[in-house]
Number of protein chains: 2
Amino acid sequence: MSAVVVQCLHHLLICRRPHISAISTLSSHSLHPRRNFCTRRFASSVPFHSHKHSTSTQDNIVQHITNENDGEVMEAIDTNPPRGTRDFTPEDMRLRSWLFQNFREVSRLLSFEEVDFPVLESEALFIRKAGEEITQQLYNFEDKGGRRVVLRPEITPSLARLIMKQGKSLSLPLKWYTIGQCWRYERMTRGRRREHYQWNMDIIGISKVRAEAELIYAAVLLFERLGITASDVGIRVSSRKVLQAVLEKYSIPQHLFTKVCVIVDKLNKIPIDEIQNELISVGVSLGAVKGIIEVLSLKSFPELEAILGSDKEGVADLKKLFFFAEDYGFSQWIQLDVSVVRGLAYYTGIVFEAFDRDGKLRAICGGGRYDKLFSMFGGDDTPACGFGFGDAVIIELLKDKGLLPNLSHKVDDIVFPLDGELEGPASRIASALRRNGRSVDLIEDKRLKWVFKHAERIGANRLILVGNSEWQQGMVRVKDLSTREESNVKIEELC
Amino acid sequence: MSAVVVQCLHHLLICRRPHISAISTLSSHSLHPRRNFCTRRFASSVPFHSHKHSTSTQDNIVQHITNENDGEVMEAIDTNPPRGTRDFTPEDMRLRSWLFQNFREVSRLLSFEEVDFPVLESEALFIRKAGEEITQQLYNFEDKGGRRVVLRPEITPSLARLIMKQGKSLSLPLKWYTIGQCWRYERMTRGRRREHYQWNMDIIGISKVRAEAELIYAAVLLFERLGITASDVGIRVSSRKVLQAVLEKYSIPQHLFTKVCVIVDKLNKIPIDEIQNELISVGVSLGAVKGIIEVLSLKSFPELEAILGSDKEGVADLKKLFFFAEDYGFSQWIQLDVSVVRGLAYYTGIVFEAFDRDGKLRAICGGGRYDKLFSMFGGDDTPACGFGFGDAVIIELLKDKGLLPNLSHKVDDIVFPLDGELEGPASRIASALRRNGRSVDLIEDKRLKWVFKHAERIGANRLILVGNSEWQQGMVRVKDLSTREESNVKIEELC
């Protein structure tokens, strides 16, 4: 095994924080109930001549190590990333890259172009009055210049901002995708993360249901690539225009529409009584509340047409989408479900969300048409449609279904000099192989046994041993790690 | 040309911000001196019955549009991303992806594994007392839970944190890379960005100069892949141990070492008098100041050995590196230059930076050995070495040298139904082609002329026209866009 391993294995690290007040420090620590503390060992080079320290495993106790010479305070710091955030080890990163590669490949198949925006955005882009969860959990703050900024909770407003900025230089339709990190800040819930990565696909400039069909098809292609079938996942589809038709039927003012949508989205999350009360409190009549609740339970076109009539735009849009589904070949994935409303204020038409048929997980992805976002931002109406697809729920689902791929670090060659004096030749060989496109791990100062284990772990193809006698003949010893065959190979024939 | 273009082309967007105080709004706007404002045009569907508006091109004036019904204030908002940040249009994104792909490919050749960390980190990781620029420009703030957090200014401390957290589960050496966004906040300078992406490569657990050699070789491989030669770019190399030897010669206490390095790094950026004064103010004697300045001007081994003797560790390390450079084949890229110190407090040994030989740009990348960072964080000493390579200066250099690649959106097929009734067949064809791995842009409701122009712009290979008469024979019309040849092709022979 490895002769060299990490010597210092504290689960905590300690560094100097001379300028942080005790108050903010303590309040920060009081939110980490399962912290442990350990004693810091000073390296001899650190310029402290003496120190006191206290150790405790109790909560809310901060370890201070006072340096008597300069009064600096040393403080134990968690080696964990900030609460609600993740590190990506090589293994985590391989999984993330694999998922993103699938997002990118589907985007390529549909001829979407990649774009990106700052993770730090102006808060103003996300201030909406509809009471959405997303705007109530903004990770926002004031920067040193007094600007209200936010770690973006979603990507669509930035996309709309850029399209308005680019203006006439753009030719519609646009088919754009983004893979980016989104943030939220919520105080109460434990175990939920504050960041996730989201794949967004948006089509700007197409008012026909074609846009929705392409987007749902993209999500289906992604599922298929990951090995997920229509018996694992379904996509519920509705249109906010259906809800709008109900509001019109009861003569409810148009300006209540968004608020009603945001309230109704909480169905199946909070008790129905509360939904009714919330609807009444914003000014919806009791009769209309009952009409809304009734229509939300519908799951078929005949029922829907019986209540709304067959001439409604929302119903026609949905029927069109189901026709498209036949042509694209994703009929078995989608189902009509009027209770799908989605939580974002700006959706105006068809909305959809993918769910696991076992009913264990939150929505896998969700999207819809948002034809009024541009006018809300001060531009003219521009038809637009998109979805967001997070990296968290899909990974949970793949885990549940045993579909996570087995991804390991891949290396072509390991170059290992058998003698310290051969570091020059080893450098030459590694450099030549790499310049020829081969990935080479150059290893020194290990035992041969370690090198073999390492080669196996990283799935190397060849082990190239640089020994003195072979080198003097212009040769190296090469072991093919799949066939286990060994032979001496001329340097110039290696690549 | 396109019949549908973005109709709303304001350079400003307007949205509702009911809860933001006038004070923070005004102070935020006063920092954007070149803003323009335009009148918002309401779309008819927006639920406002009447509004007042004012227009002004003057600075510091915020446009308010008062809605008389509910008293909400509409406010003009810049369509620009937050100050100092970037949007990535498809074109920008192609360039970024190309650069990152080169970073990743070089990392693969050297058998590095990718890792990542949160862009939001604990401030404590970056609190250092040496007066570095990087710690004086922290983009830091207090979150809603009272935690001091920061948009990371660099990646190395997070890497050290994760390695300490992982502890014994890791087997050294580690060869890790990251491509991530880093942030700084500085009030004064105009035209400098507040974020950039940085490629980091780090080797943990190798104390030999092999680590430095591999890292510099990686940077050189990257340059070569981009078409940059050793006559465009050089890499200056020194070791902080040389400076340390000078300090020892003058019996300057060890604890001043980091401060001296950070001051000396400002050479060529501020007048030499100021450097001398700063050194004296931290407690360096006038004699030692002269000794330091003298050694910093050295550019050859004989000069260096004449002053320090040939037995110094710093000199031996550097000589070793130059031997390695011969074997790896990058001798022509590197040169000894003792004035290179680098600005990060934690470097302890060899330091290096790549520069353009025309002397127009800032450092292209920089790195060095940081053997004490782990002990500074509360662990035992762990040998470590790495570099950071930003995305900004390299792009400037490639632009200057005419080496920017010509990257365009690439699509295999365009499918275009000639008749609205053929949207179903068009869907079927597009879906089948995509399931076969071809990227397909499905276009509708455009004139054929637009489609041809579009095909040219995106470099499509084939144009597939779905017409009624061909479709009834199970065929489509296919135009090969490179040969200009047209023919009818059976549907089943398309893929």
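Remember, predicted model here, so these are calculated numbers, not experimental data.

Cut-offs and rules
Residues numbered from 1 in each chain as written. Chains lettered and ligands numbered in written order. Predicted model: local features only at pLDDT ≥ 70, side-chain atom pairs only at ≥ 80, totals over all residues. Heavy atoms only, no water. Helix = DSSP H or I, 4+ residues; strand = E, 2+ residues; numbered from the N terminus. Buried < 20%, exposed > 50% of the residue type's maximum accessible area, 1.4 Å probe, protein only. Contact = heavy atoms within 4.5 Å. Areas by Shrake-Rupley, 256 points an atom, 1.4 Å probe, with all protein chains shown as cover. Axes fitted to C-alpha atoms, helices over the stretch in contact; angles between N-to-C directions. Parallel < 35°, antiparallel > 145°, perpendicular 65-115°, else oblique. Left-handed = near helix turned anticlockwise from the far one by under 90°. Core = buried A, V, L, I, M, F, W, Y, C linked by side-chain atoms within 4.5 Å. Pairing = 2+ DSSP bridges. Phe/Tyr/Trp six-rings, centres within 6.5 Å; stacked < 30°, edge-to-face > 60°. Salt bridge = Lys/Arg side-chain N within 4 Å of Asp/Glu carboxyl O. UniProt positions renumbered as here; feature names shortened; annotations may be inferred. Polar contact = N/O pair within 3.5 Å; in protein donor to acceptor, adjacent residues only side chain to side chain.

Novice: Whenever I open this one, the overall build of chain A confuses me. Can you help?
Specialist: In terms of regular secondary structure, chain A is built from 16 helices and 19 strands. Across the 495 residues of chain A, 59% fall into the buried class. Restricting the contact set of chain A to residue pairs at least 6 apart, pairs at least 24 apart contribute 66%. When the accessible area of chain A is evaluated, it comes to approximately 20,000 Å², of which 49% is carbon and sulfur surface.

Novice: I tried to follow the packing of helix α10 (residues 301-308) of chain A against helix α11 (residues 313-328) of chain A on my own but got confused; where do I start?
Specialist: In a packed pair of helices, the relevant descriptors are the angle between the two axes and the axis-to-axis distance. Residue and element names in this part refer to chain A. In contact at an axis separation of 11 Å, α10 and α11 are set at 165° when each is read in the N-to-C sense. Classified by the interaxial angle, the pair formed by α10 and α11 is roughly antiparallel. As α10 packs across α11, the resulting crossing turns out to be left-handed. On α11, the residues touching F301, L304 and E305 of α10 are V315, L318, K319 and F322.

Novice: I keep staring at the nonpolar core and nothing clicks. Help me out?
Specialist: Nonpolar side chains tend to gather and get buried jointly when the protein is soluble and globular. One finds W199, F223, L243, I292, W333, F389 and I394 of chain B to be the most contacted residues of the largest nonpolar core, which totals 101 residues. Considering each element in turn, this core owes the most residues, twelve residues, to helix α5 (residues 210-226) of chain B. Once residues within four sequence positions are removed from consideration, F223 of chain B is found in contact with I228, V233, W333, A354, I364, F389 and I394 of chain B. Within the second largest apolar cluster, 100 residues are counted, among which are F103 and A219 of chain A together with V415 and I429 of chain B.

Novice: In this structure, what is going on with the pairing of strand β8 (residues 174-183) of chain A? I would like to understand it.
Specialist: Residue and element names in this part refer to chain A. Among the ten residues of β8, ten are classified as buried, and the element is accordingly described as predominantly covered. Here β8 shows no split at all, with L174, W176, T178, G180 and C182 on one side and K175, Y177, I179, Q181 and W183 on the other all buried. Sheet topology places strand β4 (residues 113-114) next to β8; two bridges connect them, and they run parallel. In the sheet register, E114 faces β8, and the bridge partner there is Y177. The pairing of β8 with strand β9 (residues 195-204) spans ten bridges and is classified as antiparallel. Its bridge partner lying in β9, K175 is registered against I203.

Novice: Can you walk me through the packing of aromatic side chains in this structure?
Specialist: Applying the stated criterion to the full structure yields 37 aromatic pairs over all chains. Relative to Y370 of chain A, the ring of Y346 of chain A has its centre 5.6 Å away and its plane inclined at 65°; by these criteria the two rings are edge-to-face. Separated by 24 residues along the polypeptide, Y346 of chain A in the loop between β11 (334-336) and β12 (350-356) and Y370 of chain A in the loop between β13 (365-369) and α12 (373-376) bring together distant segments of the chain. Judged by centre distance (5.6 Å) and plane angle (70°), the ring pair of Y346 of chain B and Y347 of chain B falls under edge-to-face. Exposure remark for Y347 of chain B: the relative accessible area of 6% places this residue in the buried category.

Novice: Before we go on, may I ask you to explain the sheet that holds β12 of chain A in this structure?
Specialist: Remark on secondary structure: sheet strands pair via backbone hydrogen bonds, oriented parallel or antiparallel. Taken together, eight strands build an open sheet; the order of strands is β4-β8-β9-β14-β13-β12-β10-β11 (chain A) and the sheet is mixed. Either end of the sheet is taken by a strand with one partner, and the two such strands are β4 and β11 of chain A.

Novice: When you look at the packing of helix α6 (residues 240-249) of chain B against helix α10 (residues 301-308) of chain B in this model, what are you seeing that I'm missing?
Specialist: All names here are of chain B. At a minimum axis separation of 11 Å, α6 and α10 run at an interaxial angle of 25°. With respect to α10, the axis of α6 lies roughly parallel. The two elements α6 and α10 meet at a crossing, and its hand is left-handed. Contacts between α6 and α10 pair V242, A245, V246 and K249 from the former with L304, I307 and L308 from the latter.

Novice: I tried to follow the pattern of salt bridges on my own but got confused; where do I start?
Specialist: A side chain with one charge may pair with a side chain of the opposite charge, provided their charged atoms come close. What the rule picks out here adds up to 92 salt bridges over all chains. A salt bridge links R148 of chain B to E123 of chain B; the shortest N-O distance between them is 3.2 Å. Of this pair, R148 of chain B sits in strand β7 (residues 148-151) while E123 of chain B sits in the loop between β5 (120-122) and α3 (133-136), and the two are 25 residues apart along the sequence. Overall, R148 of chain B belongs to the partly exposed group, its relative accessible area being 24%. E212 of chain B serves as the salt-bridge partner of R369 of chain B, at 2.7 Å between the closest nitrogen and oxygen. Pair noted here: R369 of chain B is in strand β13 (residues 365-369) and E212 of chain B is in helix α5, with a separation of 157 residues, a long-range link. Each of K208, R210 and K320 of chain A together with E423, E444 and D445 of chain B takes part in a single network of salt bridges with overlapping partners.

Novice: Can you walk me through the sheet that holds strand β15 (residues 413-417) of chain A in this structure?
Specialist: Residue and element names in this part refer to chain A. Reading across the sheet, the five strands line up as β16-β15-β17-β18-β19 and stay open at both edges, with mixed pairing between neighbours. Of all the strands in the sheet, just β16 (440-442) and β19 (486-490) have a single pairing partner and so form its edges. Put simply, the sheet's adjacent strands are angled 25° from each other on average, direction ignored. Sheet topology note: the strand β17 (residues 462-466)/strand β18 (residues 475-480) ladder contains four bridges and is antiparallel. Following the sheet pairing, R462 is matched in β18 by D480.

Novice: Sorry if this is basic, but what is going on with the UniProt feature "binding site: L-histidine" (unreviewed entry) in chain A here?
Specialist: All names here are of chain A. Per the UniProt record, the feature "binding site: L-histidine" (unreviewed entry) sits at E154, I155, T156, R184, Q198, D202, R342, Y346 and Y347. With respect to the helices and strands, R342 occurs in the loop between β11 and β12. Among all residues touching R342, those that are not within four sequence positions of it are R240, D265, Y347, V351, F352, E353, A363, G366 and G367. For Y346, a relative accessible area of 4% translates into the label buried. Every residue in contact with Y346, bar those within four places of it in the chain, is listed here: R128, E154, T156, P157, R240, R369, Y370 and L373. A polar atom in the side chain of Y346 sits 2.3 Å from the side chain of E154.

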